[in-house]
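# What the coordinates show
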Number of protein chains: 2
Amino acid sequence: MRLAELSDRSGVSTATIKYYLREGVLPPGRRITATQAEYDEEHLRRLRLVRALVQIARVPVATVREVLASVDDTSLNRTFRMGAALWALPGGPEPEEDDALAAARREVDRLLERDGWAHAREIGELSPAHRALTGAVATLLRLGYPCDADLLAPYARQVRQMAVQGLDDIEEFPTHLEQVEAAVAYTLLFEPVLLGLRRLALEEETVERFGL
Amino acid sequence: MRLAELSDRSGVSTATIKYYLREGVLPPGRRITATQAEYDEEHLRRLRLVRALVQIARVPVATVREVLASVDDTSLNRTFRMGAALWALPGGPEPEEDDALAAARREVDRLLERDGWAHAREIGELSPAHRALTGAVATLLRLGYPCDADLLAPYARQVRQMAVQGLDDIEEFPTHLEQVEAAVAYTLLFEPVLLGLRRLALEEETVERFGL
């Protein structure tokens, strides 16, 4: 397809597509004349991913370039390619080292040990996901709300089930590249869906128990 | 306790406490002299909630005042008091009315019908949680990623289980007021914990399947 059709089908303006091409986050089309290039389904898919990262997950274009370099690096295994976005995202400010953070580390470690999350324990705070969890638990503790391994355990099992489901869905995609792209998109874009579902579930369950 | 102790135990500066008192989001202490007042555990709990809403959930102080008015209004039933924060939060920009939003509405309605979420269907888009979910699904659809009732169903059941667990935890608090306060705090503050857990679960499951 030509640039105009790529724009129509993706809903991304031709100016933005040209910007992505210049920035190297979208691979060039196949030259057919001096001024025209031909794009394919792979470009369309990549364009959707770039737009998702930039517009929805608010990832800077320079970071998108890094993420895509990992996504496309077939010398890496799928774990690293799929996790590329999470590792490249800005991790937020360094958490304050205080008693709450120390307690949060202890409870997260107890949780991971109990549920046998061996890899998470091994990777530890090198992982941005691990740091995000520990930081969020520390915030609750700092505010005086209880949040220990016992309270977290049922949630950990639920999200693990969700992760199994999510990766089953992702493995349905036919090629490794498509699986990796889907994992990157799904990890970030599904978060608002889950939060919306949770708020609605809390509402449903509250009305169920206490009436309207 | 005096102001200084309230500040020590809450970790909130005396200047901020005085500001909250002036703004009416913290009830005045019991006057013991012309210049001194006495505060109790209820003040401490309320101060923690205010700080959670303002500092973590980024709720404007004027909105906190509205939320607390609902929390304290014993003529309302617990459903409304517990949901006060969600209904008072800014809902973000109005979603664009397009085919994706129409499709998202259809799929969310199919999901709620199938899983028998009768109240959520009845309240519909009046509920900010419902609008948030529909908007998030529309975003995925607009980007060309699949997101229909079939894909959402297992997640809906998981978050429903989480809501049951969450409300069980909340009902452990001894008074209605404490339950309502805990529900408000928990609804908002637990979101980053869940997202952290989910990212870590995805990482664990990815390493499990594809190695390190």
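Residues numbered from 1 in each chain as written. Chains lettered and ligands numbered in written order. Predicted model: local features only at pLDDT ≥ 70, side-chain atom pairs only at ≥ 80, totals over all residues. Heavy atoms only, no water.

### A closer look at the nonpolar core
Judged by nonpolar contacts, the single largest core of 142 residues is most densely connected at Phe190(A) and Phe190(B). Beyond its immediate sequence surroundings of up to four residues, Phe190(B) is in contact with Leu140(A), Cys147(A), Leu151(A), Leu152(A), Tyr155(A), Arg198(A) and Ala185(B). (Core = buried A, V, L, I, M, F, W, Y, C linked by side-chain atoms within 4.5 Å. Buried < 20%, exposed > 50% of the residue type's maximum accessible area, 1.4 Å probe, protein only. Contact = heavy atoms within 4.5 Å.)

### So, the relation of the copies chain B and chain A
At an RMSD of 0.0 Å, chain B and chain A line up after a rotation of 180 degrees and a shift of 0.0 Å along the axis. In symmetry terms, the pair is related by a two-fold rotation axis. Closest approach to the rotation axis within chain B is made by the C-alpha atom of Gln158(B), at a distance of 3.1 Å. Taken as a fraction of all interface residues of chain B, those also at the interface in chain A reach 100%, which identifies the copy contact as same-surface. (Least-squares fit on C-alpha atoms with pLDDT ≥ 70 in both.)

### Here we look at the side chain of Glu204(A)
Within the fold, Glu204(A) resides in helix H10 (residues 176–210). Side-chain polar atoms of Glu204(A) contact the backbone nitrogen of Ala120(B), separated by 2.7 Å. Excluding residues that lie within four positions of it along the chain, Glu204(A) makes contacts with Gly116(B), Trp117(B), Ala118(B), His119(B), Ala120(B) and Arg160(B). (Helix = DSSP H or I, 4+ residues; strand = E, 2+ residues; numbered from the N terminus. Polar contact = N/O pair within 3.5 Å; in protein donor to acceptor, adjacent residues only side chain to side chain.)

### Comments concerning the confidence of the model for chain A
Residues with a pLDDT of 70 or more make up 99% of chain A, whose mean pLDDT is 91. Across the interfaces of the predicted complex, the ipTM metric reaches 0.91, alongside a pTM of 0.89. (pLDDT = per-residue confidence, 0-100.)

### Focus: a nonpolar patch on the surface
A cluster of nonpolar residues, Leu76(A), Phe80(A) and Leu212(B), forms a patch on the protein surface that exposes about 280 Å² of accessible area. Relative to the helices and strands, Leu76(A) is located in the loop between helix H4 (61–72) and helix H5 (78–88). Leu76(A) sits in the partly exposed class, given a relative accessible area of 30%. (Patch = residues over 30% accessible without salt bridge, like charges linked within 9 Å, V, L, I, M, F, W, Y side chains within 5 Å. Areas by Shrake-Rupley, 256 points an atom, 1.4 Å probe, with all protein chains shown as cover. Salt bridge = Lys/Arg side-chain N within 4 Å of Asp/Glu carboxyl O.)

### Quick notes on the side chain of Glu191(A)
Within the secondary structure layout, Glu191(A) lies in helix H10. If we ignore the near neighbours within four places in the chain, the residues touching Glu191(A) are Leu195(B), Arg198(B) and Arg199(B).

### Remarks on helix H5 (residues 78–88) of chain B
The element H5(B) is extensively covered by neighbouring structure, given that 8 of its 11 residues are classed as buried. Taken together, the buried positions of H5(B) are Arg78(B), Thr79(B), Arg81(B), Met82(B), Gly83(B), Ala84(B), Ala85(B) and Leu86(B). For H5(B), the secondary structure elements touched by its buried residues are H10 of chain A together with helix H4 (61–72), helix H8 (128–142), helix H9 (149–171) and helix H10 (176–210) of chain B. Backbone nitrogen of Thr79(B) and a side-chain oxygen of the N-cap are separated by 3.1 Å at the start of H5(B); the cap is Asn77(B).

### A few points about the packing of H10(A) against H8(B)
Interaxial distance between H10(A) and H8(B) falls to 8 Å at its minimum, and their mutual angle equals 155 degrees. With respect to each other, H10(A) and H8(B) are oriented roughly antiparallel. Like other packed secondary-structure pairs, H10(A) and H8(B) cross with a definite hand, here left-handed. Only Ala129(B), His130(B), Leu133(B), Ala136(B), Val137(B) and Leu140(B) of H8(B) make contact with H10(A), whose side of the interface consists of Leu189(A), Phe190(A), Pro192(A), Val193(A), Gly196(A), Leu197(A), Arg199(A), Leu200(A) and Glu203(A). Residue composition of the contact of H10(A) with H8(B), by class: 11 nonpolar, 2 polar and 2 charged. (Axes fitted to C-alpha atoms, helices over the stretch in contact; angles between N-to-C directions. Parallel < 35°, antiparallel > 145°, perpendicular 65-115°, else oblique. Left-handed = near helix turned anticlockwise from the far one by under 90°. Nonpolar A, V, L, I, M, F, W, Y, C, P; charged D, E, K, R; others polar.)

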